[in-house]
2 protein chains.
Amino acid sequence: MDASTAEEEVNSMAENTDTVPSFYIGEHLPAPGGAVTSDLLAKAARDNRKVEAIIVDAQQKGLVRVYIPGLEAEDVNIHPDENINSGKVIGVTSSWIQLDSTDPVISSASRQVFHHEIGYAGFCGLMSLLVQGPRDLQQNLAAYYQAIVQGLAINAYLQINIVLPAYGPSLESDTEIDSQAAEPIMLYDELSSWDIWNGIRTAARYSSRISLALQIEYSIPNTHIQDRWFAEPVRYLILDSQAYVLNAKGFLVLTKHHQNLIQKLSRKLPLYLLANTRHAEFTPEPENPLDVDFPPLSALAPRGARQAPTTSRRRDDPQSYRKYLHHLLANLPPPPPLDIFGAGYQDFLQSPLQPLADNLESMTYEVFEKDPVKYDQYEKAIKLALEDLKNKGVENICVAVVGAGRGPLVTRCIRAATNASLDIQLFAIEKNPNAYVHLMKMNRDVWDGQVTLVKTDMRKWKPPSHMHILVSELLGSFADNELSPECLDGVQHVLDPEVGISIPQSYTAHYTPIMAPKLHGDLLSRAPSTPDVYEVPYVVMLTAIDFLSLDLEGNVNIEQAWEFTHPADELEHDGGFNDHNQRESFYLFPIPRRGVIHGIAGYFECVLYKNESSIVELSTRPDTIDAKSKDMISWFAIYFPLKVPMPVPDRSETQVSFWRNTDGRKVWYDWMVETFAFIPDPKTFPALTSASPSFDSIPLNKRVLIAASEIHSSRKNGCLM
Amino acid sequence: MDASTAEEEVNSMAENTDTVPSFYIGEHLPAPGGAVTSDLLAKAARDNRKVEAIIVDAQQKGLVRVYIPGLEAEDVNIHPDENINSGKVIGVTSSWIQLDSTDPVISSASRQVFHHEIGYAGFCGLMSLLVQGPRDLQQNLAAYYQAIVQGLAINAYLQINIVLPAYGPSLESDTEIDSQAAEPIMLYDELSSWDIWNGIRTAARYSSRISLALQIEYSIPNTHIQDRWFAEPVRYLILDSQAYVLNAKGFLVLTKHHQNLIQKLSRKLPLYLLANTRHAEFTPEPENPLDVDFPPLSALAPRGARQAPTTSRRRDDPQSYRKYLHHLLANLPPPPPLDIFGAGYQDFLQSPLQPLADNLESMTYEVFEKDPVKYDQYEKAIKLALEDLKNKGVENICVAVVGAGRGPLVTRCIRAATNASLDIQLFAIEKNPNAYVHLMKMNRDVWDGQVTLVKTDMRKWKPPSHMHILVSELLGSFADNELSPECLDGVQHVLDPEVGISIPQSYTAHYTPIMAPKLHGDLLSRAPSTPDVYEVPYVVMLTAIDFLSLDLEGNVNIEQAWEFTHPADELEHDGGFNDHNQRESFYLFPIPRRGVIHGIAGYFECVLYKNESSIVELSTRPDTIDAKSKDMISWFAIYFPLKVPMPVPDRSETQVSFWRNTDGRKVWYDWMVETFAFIPDPKTFPALTSASPSFDSIPLNKRVLIAASEIHSSRKNGCLM
């Protein structure tokens, strides 16, 4: 058996590892640094014969299982050495292994050899192993899963990377004809490859030691499938030599589509690019349904072009692929600003702030004040509001910044008043005694003492007169989750009842169901020590996610949950239990493609100020942020997890239900998810496998609930008012 | 609001509570022990008007939520007293409450009143509350679920019983016409009512404080739906007066179908039968889709018969219903023997024995020896084997009972030899020193000293000569789970290599996926303190379960996992790691009706001895036990739990995968479950809601994986060899 063929780490492209992704480029050669020799080829053939002989012998004896003895010195071509311990070598398990074979002798032999190889790889100090995905896409997958899961238990450090095609086998070439049925049963589609991955990682309980090595061929998947892979732990891209075309000058290049795919996945760190330069002459592959010839998806490079690189050229110059990748990666465009700002925060789960209960630290304020967009929007809104008050004939305008922090909004108020040519009376209210010290310094050194500072909880403030504008920045990632409504209710009594303006005037929470396997894996590993780990929302820079609800144009469906407006009309009707700030929202999201719901992403939008002609807004919704507050970086999204991932089929509907609860002392959220599918009504569809004439005219007329989550509740960890 | 109407506990029918179910019969009257008075009616109307006024006022003001003040003295008709604390009174929440209303004002008012009533019921010491199920079957169910779950949190002792119709609304009367679609969308079917229950208990995390009050009307559900309810925590049957017919003599009676349903559910303890004698004149019900007029299912009582009991008779004689129920229950047939033997063990999860590692206690042997069937079968098998050996001309026949325990098989060997007119040399091998003392006593007092006793582990026994028959009783609930194969391998060397016989000769393990909400709820409550609670199989008398895989005739599909035969041919091929006792099994179970898989039920079959003309077998399979070993009680089933319940849709397929693993020191099982559904291929089905002509001719030609479990493994808790 060919225990392991090694990859050579060639180079890291990154100069500045803080902001630019690191790439590692390697090639698949028969031995580390070695060339192909006739000795090696002969040995590989001999090894295969050795196991083959055991199998044939067992089959002749009529046994259904075989015993494969452990490895011997002649069976392996790697040995423990420093290079291997450094993580520079990547192991590859024997290519003939077929863990999912339906022949019990072959699957039994495969499993034993596979586990021998994992054991030896771990002994040698290998850190990372490439393992071929299942050979068949539907038969005996469970046997494959179980062999992988048992393999993980053999060595506690080894990373197992499952080699799978990025693009599922074509629908055309892999149909299984059911002679009984009027229509053939389609077994594979564009998500078939992802299905297998999803099965493996579910069986392996989202272990972080299982990841993906995606095979990139000439045909590459469409945007939706690329988005799906982006949500998954892709650590290797295996660029097959067949993926390259010759350009006009005769150089090996990748198409624009391939380049875009590599750029997209380059946001995932670390990413290894492997140029697979094996040739059919050297390592004959067993018949493999994954090796089908995909139809070309791109018009840029016509199908004929793939024939351009001659076999001899490829064999003689494996460096061509590596050189091209170096060139490509050196010329990738820089990452977007949010990637640079958020470097290291991708998919990192944080607990939301509780500013009402806690005092913030200066660094937290510092981060907030860095935003290039938010305070400009506030300044615009304040200026508009001041002008409107002036036009109404209001005199001696009083403005209060409630929750002034270190004073950025105070500065903006002064600037807006100056630009509006108005003298205003300015108050800054802050309860944090430490921030208050800084405000006094600012008033002395920057604001010329023109600001009246008050150290108090805004809800207890008794001002000398009514305020005309209250400026606050109390929003959390889900709008009201840091209790902005309750804070502003508490200070509403200081506002002029006739013309008083709150900036923000209103805000809305928004949500959509997402696939987020990395976040789920993270919570799963915390769950044993943290009982309520699924019962709280998290602030997170959502990166490795996929939106599951899309409209017909392929745009994400994000739904508004509820709105709060200030000043609040309903304050007087309150039953003393904060009832008027209770909300609920139900929405039925269409799910075009199957997937797994791991949780709900939350965003907000906010109207800072609006009059008949203008509107100044903030948004964190990925589909509206560019229109409303482009490049704003102050807020990450919020994530409401599901305890149990919910599989959703193609063309289903998922109802997400949200509640904002309050008992007058605390505020918390409840959330649940239900999924409905449309299926044929059995009354009109008497037998699934029957060849009756009605088989091809089955109305999909029944809508059934196929999964419902628990009601999750952050009650125990709710925000104190 | 009508805070609570009470039920009177009338009688317990049971004389002997150990073996006969207890029934409680009650009637729904407006007040405990009270008659309907015009005062009560006036008050109910007044209460409704009070909340109604608040709602109308809110609607006029354009509010979307209302504040309902707490209860006042006039609002309630129960008060804390001794009767209530005794658990004899059952509360009923106000009938107008509509937690799932799509009108936010009504749902808000409903939730508040509902929670007020739960709080007051708890304060008064009520133990059990009847709560009407959702009014609508699909809209706003999440709001209903959340109100129930929040209600559970209000009082920690109250049992909430959801009132639901046993039979889902008819398909005919409750279709929602989608004008866009060529075919109407069918919203309800026979499992609709169960769907709601499943949603509630899932949202409530299988709380044991939520149970069911099933409404029984004139039309009753078919056998499959009755089986489904049998798996659920039904605590009340509400027999509507409409369910009764007049018999030839003019008495109110229930049809045979109703009687059978009551008898079936009578295996669940405790069961309350409530005769609902409310009349439309007294308590007008709001329009309720659950109150539809079901078509009669039974030919026994023609539809016209329901009109027979006159309104005046019912009103004047509510005792008629109660008297009939007394009569019915007093004449129920006695429960089957297994129910009597297993009383108290229904659905009680036990860890399997590890007889190789542990020594059993006398009581455990005592229970095993009670079986009326098992030892008779052994005696038959031994006699057949002795006769066959005699016919082959074998002389000086040596028989060993390995693992003799307290000696029941020794007794049967002596009896079989006597009946076969043979002198045999008999050995009894036992490692348990305490049981050995008992064997010595038996040999002295009962067996006339004719048995050679050996105190040793059977695997270390060195007999004076080869044995011709080895008799053992080492089977567990899943055949090999108490390591019978490993034990018998270890003693195989004493067996005559030519003619040696093992009794049993072979055995097989069998499995099928089941719904078992009670078992899941039990494990869920243990999970926080027991990390591996889902990673071990349990021995259990399966009672509150439903088989999910049925064939076209409605019979359960149980599949054979694997077989062991003795003596084992493969022993010589073993690699020293017990590899020849490794097994795996994969089977695709058809699932005709939707449900939830909570785990896998396991059984065994065993051939004690077989020759050309006769076979002596044991079976615990519910579908073969009567044919092979009727009334055998020695083994309960085995249950392999799933960590996460898996919803399965109508007409799906579930693959169950099983592995019996061994590393030469331990034996353990791995198991996983995957579910596939058949859906239309999107390529031939471009838009779900479109009114395109192709809508009614959608081929169901795609088979997709819709859910996969983790691989569960008992490795950590495996049996030591």
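Residues numbered from 1 in each chain as written. Chains lettered and ligands numbered in written order. Predicted model: local features only at pLDDT ≥ 70, side-chain atom pairs only at ≥ 80, totals over all residues. Heavy atoms only, no water.

In the nomenclature of an unreviewed UniProt entry, chain A corresponds to Protein arginine N-methyltransferase from the organism Drechslerella dactyloides. The annotation that UniProt attaches to chain A under Sequence similarities (unreviewed entry) is "Belongs to the class I-like SAM-binding methyltransferase superfamily." (UniProt positions renumbered as here; feature names shortened; annotations may be inferred.)

J.: For the sheet that holds strand β14 (residues 501-503) of chain A, give the residues involved together with the corresponding values.
T.: All names here are of chain A. Spatial strand order, β12-β11-β10-β13-β14: 5 strands in an open sheet with parallel pairing. Every interior strand has two partners, whereas the edge strands, β12 (451-455) and β14, have only one. Strand-to-strand, the axes of this sheet are offset by a mean angle of 20 degrees, without reference to chain direction. The sheet contact formed by strand β10 (residues 398-402) and strand β13 (residues 469-472) spans 4 bridges and is parallel. Paired with V399 across the bridge in β13 is I469. (Pairing = 2+ DSSP bridges. Helix = DSSP H or I, 4+ residues; strand = E, 2+ residues; numbered from the N terminus. Axes fitted to C-alpha atoms, helices over the stretch in contact; angles between N-to-C directions.)

J.: Could you give an account of the UniProt feature "site: Critical for specifying symmetric addition of methyl groups" (unreviewed entry) in chain A, naming the residues involved and the relevant values?
T.: Residues and elements named next belong to chain A. Taking the numbering used here, the UniProt-annotated feature "site: Critical for specifying symmetric addition of methyl groups" (unreviewed entry) corresponds to F368. Relative to the helices and strands, F368 resides in helix α11 (residues 362-369). In this structure F368 comes out as partly exposed when scored by relative accessible area, which is 24%. (Buried < 20%, exposed > 50% of the residue type's maximum accessible area, 1.4 Å probe, protein only.)

J.: Before we move on, can you summarise helix α14 (residues 433-445) of chain B with the specific residues and values?
T.: Residue and element names in this part refer to chain B. Taking 1.5 Å of rise per residue, 13 residues should cover 18 Å, and α14 covers 19 Å from first to last C-alpha, within 8% of that figure. Listed as buried for α14 are A435, Y436, L439, M442 and N443. Along α14, the residues classed as buried sweep out an arc of 115 degrees about the axis, all on the same side. Those residues of α14 that are exposed and aimed more than 90 degrees away from the buried face are N434, V437 and R444. Backbone nitrogen of N434 and a side-chain oxygen of the N-cap are separated by 3.0 Å at the start of α14; the cap is N432. (Expected span 1.5 Å × (residues − 1). Arc of directions from axis to C-beta. Polar contact = N/O pair within 3.5 Å; in protein donor to acceptor, adjacent residues only side chain to side chain.)

J.: So what about the confidence of the model for chain A? Which residues, and what values?
T.: As a general rule, the predicted coordinates of low-pLDDT regions are not to be interpreted in detail. All names here are of chain A. Looking at chain A as a whole, its pLDDT mean stands at 80, while 77% of the residues score no less than 70. Across residues 1-21 the pLDDT falls below 50, and counting only partners more than four positions away or on other chains, this stretch makes 80 contacts in the model. Every residue in residues 30-37 scores below 50 in pLDDT, and together they form 12 contacts with partners more than four places removed in sequence or on other chains. This complex was scored by the predictor with a pTM of 0.81 and an ipTM of 0.74. (pLDDT = per-residue confidence, 0-100. Contact = heavy atoms within 4.5 Å.)

J.: Can you break down the packing of helix α4 (residues 141-154) of chain A against helix α5 (residues 192-203) of chain A residue by residue, with the values?
T.: All names here are of chain A. Contact pair α4 / α5: the axes reach a minimum separation of 9 Å and the direction vectors enclose 45 degrees. Relative to α5, the element α4 is oriented oblique. As α4 runs across α5, the sense of the crossing is right-handed. Note on element contacts: α5 touches α4 through D195, I196, G199, I200 and A203, opposite L141, Y144, Y145, I148 and V149. Counted by class, the contact of α4 with α5 contains 8 nonpolar, 1 polar and 1 charged residues. (Parallel < 35°, antiparallel > 145°, perpendicular 65-115°, else oblique. Left-handed = near helix turned anticlockwise from the far one by under 90°. Nonpolar A, V, L, I, M, F, W, Y, C, P; charged D, E, K, R; others polar.)

J.: So what about unusual backbone geometry? Which residues, and what values?
T.: Cis rather than trans, the peptide bond between H566(A) and P567(A) has omega equal to -5 degrees. Checked against the element boundaries, P567(A) lands in the loop between β18 (559-565) and β19 (583-591). The linkage connecting I503(B) with the following residue, P504(B), adopts the cis geometry, with an omega of 10 degrees. If you trace the backbone, P504(B) turns up in the loop between β14 (501-503) and β15 (506-515). Its identity as a non-glycine residue notwithstanding, D631(A) has a phi of 70 degrees, on the positive side. Of note, D631(A) is situated in the loop between α17 (625-629) and β22 (637-648). A positive phi angle is found at N396(B), which is not glycine, with a value near 50 degrees. The class for N396(B) is exposed, based on a relative accessible area of 66%.

J.: Talk me through the pattern of salt bridges; I want residue IDs and the actual numbers.
T.: What the rule picks out here adds up to 55 salt bridges over all chains. When the shortest N-O distance is used, the salt bridge between D445(A) and K441(A) registers 3.8 Å. Note that D445(A) and K441(A) are positioned in helix α14 (residues 433-445) at a spacing of 4 residues, about one turn of the helix. When its relative accessible area of 43% is taken as the criterion, D445(A) is described as partly exposed. Among the ionic contacts, a cluster of salt bridges with common partners joins E605(B), E617(B), R621(B), D623(B) and K628(B). (Salt bridge = Lys/Arg side-chain N within 4 Å of Asp/Glu carboxyl O.)

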